[in-house]
Structures are given as structure tokens and as C-alpha cells.
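Structural description and commentary
Letter by letter, the chains look like this.
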Amino acid sequence: AKENGIKGTVVLQFIVGIDGSIGEVAIVKDIGGGCGKEAMRVVKAMQPWSPGEANGHPVKVRFTLPVRFELQ
């Protein structure tokens, strides 16, 4: 991506489980050059998140995360 001057925003969607685990990671928008795969790798390697909560109980939450790639 750096060699080809690719920059932009990759959009990922994933589920935060009731235990805070991240699963079902999917690329919604990709800009090419391997950026989507790299963003997916980083999200899968994240520490557990705080789960969503409804009526005082943890619930699964679908989250959409934009990841911006810029050259410097």
C-alpha cells in the first residue's frame, strides 16, 4: 500500500460478546493494498472490550469501526 500510495478508510464490523471477546470480524469497505487484512489482524489481536449492557445484563453488540490509513 505504501509503495502504491494507497490511503483512505477501511471499515470493519465485528461482534463484542457478552464476555468482551471480539468475533465475527468482517471487512465492510476495503481500499486495497492489504489494508483491510491488516486492519482485521489488528482488531482480532485487541484485548477484550467491555460488553454492551441492557437491563443490567451483558449483551452482544455489533460494532462498526473505521480505520484510517495515511502515508507520512
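One structure accompanies this document, and this report is about it. Note that the coordinates shown come from a computational prediction; the quantities given were computed from them, not determined experimentally.

1. Some points on the overall build of the protein chain
Regarding its fold elements, the protein chain presents 1 helix and 5 strands. When the helices and strands of the protein chain are read in sequence order from the N terminus, they spell out β-β-α-β-β-β. Rg of the C-alpha trace for the protein chain: 14 Å, well past the compact-globule value of 11 Å for 72 residues, more than 25% over. In terms of its C-alpha atoms, the protein chain occupies a principal-axis envelope of roughly 50 × 20 × 20 Å. Each of the 72 residues in the protein chain was classed as buried or not, and the buried ones make up 22%. When contacts within the protein chain are restricted to residue pairs at least 6 apart in sequence, those whose partners lie at least 24 apart make up 61%. Carbon together with sulfur atoms contributes 51% to the accessible area of the protein chain, which is approximately 5,100 Å² in total.

2. Description of the pattern of salt bridges
Taken as a whole and assessed by the stated rule, the structure comprises 2 salt bridges. For Glu-38, the salt bridge is made with Arg-41, and the minimal N-O distance between the two is 2.6 Å. Of the two residues, Glu-38 and Arg-41 both sit in helix 1 (residues 35-44), 3 residues apart, roughly one turn of that helix. With relative accessibility at 48%, the residue Arg-41 sits in the partly exposed group. Put simply, Glu-70 and Arg-68 hold a salt bridge, and the shortest N to O gap is 3.4 Å. Summarising the burial analysis for this pair, Glu-70 and Arg-68 share the class exposed.

3. What to know about the nonpolar core
One finds Val-10, Leu-12, Phe-14, Val-16, Val-25, Cys-35, Ala-39, Met-40, Val-43 and Leu-65 forming the largest nonpolar core, which totals 10 residues. At the level of secondary structure, the elements contributing two or more residues to this core comprise strand 1 (8-16) and helix 1. Residues within four places of Met-40 in sequence aside, it is in contact with Leu-12, Val-25, Ala-26 and Ile-27.

4. Examining the sheet that holds strand 5 (residues 61-69)
Strands in a sheet are paired, the pairing made by backbone hydrogen bonds, and the direction either parallel or antiparallel. Here 3 strands make up an open sheet; going across it, the order is 2-1-5 and the pairing antiparallel. Each of the sheet's edge strands pairs with one partner strand only, and the pair in question is strand 2 (22-29) and strand 5. On average, each strand axis in the sheet is inclined to that of its neighbour by 25°, with strand direction left out of account. Across 5 bridges, the pairing between strand 1 and strand 2 is antiparallel. Residue pairing for strand 2: Leu-12 is matched across the bridge by Ile-27.

The rules behind these values
Residues numbered from 1 in each chain as written. Predicted model: local features only at pLDDT ≥ 70, side-chain atom pairs only at ≥ 80, totals over all residues. Heavy atoms only, no water. Helix = DSSP H or I, 4+ residues; strand = E, 2+ residues; numbered from the N terminus. Rg over C-alpha atoms; globule rule 2.2 N^0.38 Å. Buried < 20%, exposed > 50% of the residue type's maximum accessible area, 1.4 Å probe, protein only. Contact = heavy atoms within 4.5 Å. Areas by Shrake-Rupley, 256 points an atom, 1.4 Å probe, with all protein chains shown as cover. Salt bridge = Lys/Arg side-chain N within 4 Å of Asp/Glu carboxyl O. Core = buried A, V, L, I, M, F, W, Y, C linked by side-chain atoms within 4.5 Å. Pairing = 2+ DSSP bridges. Axes fitted to C-alpha atoms, helices over the stretch in contact; angles between N-to-C directions.

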